[in-house]
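Results of the structural survey
Listed here are the chains, written in short residue letters.
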Amino acid sequence: LMVVVVIIAILAAVAVVSFGRDNTKGKFDGVTRQMNQLIQSARNDAISSPDDQLISITASSFTLYTAQVGSVDLIQTETSGLNRVEIPDWMEISGVAMTAATKPTDNPVSALPAVIRFYGTQEVGVDTGEGAGEAIPGTSSATIFIQSKDSTLGYFARIVIYGTTGYVHYYP
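Here goes a summary of the coordinates provided. (Residues numbered from 1 in each chain as written. Predicted model: local features only at pLDDT ≥ 70, side-chain atom pairs only at ≥ 80, totals over all residues. Heavy atoms only, no water.)

Quick look at the sheet that holds strand E9 (residues 156–161)
Strands sit in the order E5-E8-E9-E10 across an open sheet of four strands; the sheet is antiparallel. The open sheet has two free edges, formed respectively by strand E5 (91–97) and strand E10 (168–171), since each of these has just one partner strand. Within this sheet the neighbouring strands show an average axis-to-axis angle of 15 degrees, counted without direction. (Pairing = 2+ DSSP bridges. Helix = DSSP H or I, 4+ residues; strand = E, 2+ residues; numbered from the N terminus. Axes fitted to C-alpha atoms, helices over the stretch in contact; angles between N-to-C directions.)

This is the structure in structure tokens:
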């Protein structure tokens, strides 16, 4: 009887550890999907309104802004239900590359902060690094790299935005 109790206790301990890991993966997926939703919303709003939509990206936040066409004055968007995604302290945006990295092995040199600007013409402008803000339309695609800070978890995702069409694709 004691052996059976010990075996059940071991199985329960393994199940608890496994459940905690699955829960963390679910939270990671939820945050990255929120970011993807915000980008999709910015693209759609830019096409349907006279204003450009900008997303400002740092390692710990992702914020949507509106700007009049041709202006660099940013207005934080209050009209959309989702206008800011706070990144939990156990995960990070590791960079934004000015290219479409469509394969998991593609991890080109990337920088933060970054600005992605959606224009009503469906074009996208991307600018990275210190002083980011020009984001000239149609200049490049963008890939946003998101990962867990703890490398043993191994969570990684990419959001690719194609420059000439503004098409957004999420790679979990």
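Now that the structure has been shown, we can carry on.
Brief notes about the pairing of E5
Most of E5 is tucked away, with five of its seven residues classed as buried. Strand direction decides the pairing type here: E5 and strand E8 (residues 142–148), joined by six bridges, are antiparallel. Directly across from Glu 92, in E8, lies its bridge partner Gln 147. (Buried < 20%, exposed > 50% of the residue type's maximum accessible area, 1.4 Å probe, protein only.)

Considerations on the nonpolar core
Grouped together as the largest cluster of nonpolar side chains are 30 residues, with contacts concentrated most on Met 35, Ile 39, Ile 57, Phe 62, Ile 116, Phe 118 and Ile 144. Sort the elements by how many residues they give to this core and helix H1 (residues 2–48) lands first, with seven residues. The residues contacting Phe 62, other than those within four sequence positions of it, are Met 35, Leu 38, Ile 39, Ile 55, Ser 56, Ile 57, Asn 83, Arg 84, Val 85, Ile 93 and Ile 144. (Core = buried A, V, L, I, M, F, W, Y, C linked by side-chain atoms within 4.5 Å. Contact = heavy atoms within 4.5 Å.)

Focus: a nonpolar patch on the surface
A contiguous nonpolar surface patch, about 580 Å² in accessible area, is contributed by Leu 1, Met 2, Val 5, Val 6 and Ile 10. With respect to the secondary-structure elements, Ile 10 resides in helix H1. Judged by relative accessible area, Ile 10 falls into the exposed class, the value being 52%. (Patch = residues over 30% accessible without salt bridge, like charges linked within 9 Å, V, L, I, M, F, W, Y side chains within 5 Å. Areas by Shrake-Rupley, 256 points an atom, 1.4 Å probe, with all protein chains shown as cover. Salt bridge = Lys/Arg side-chain N within 4 Å of Asp/Glu carboxyl O.)

Limitation: the analysis is restricted to geometry and does not speak to function.
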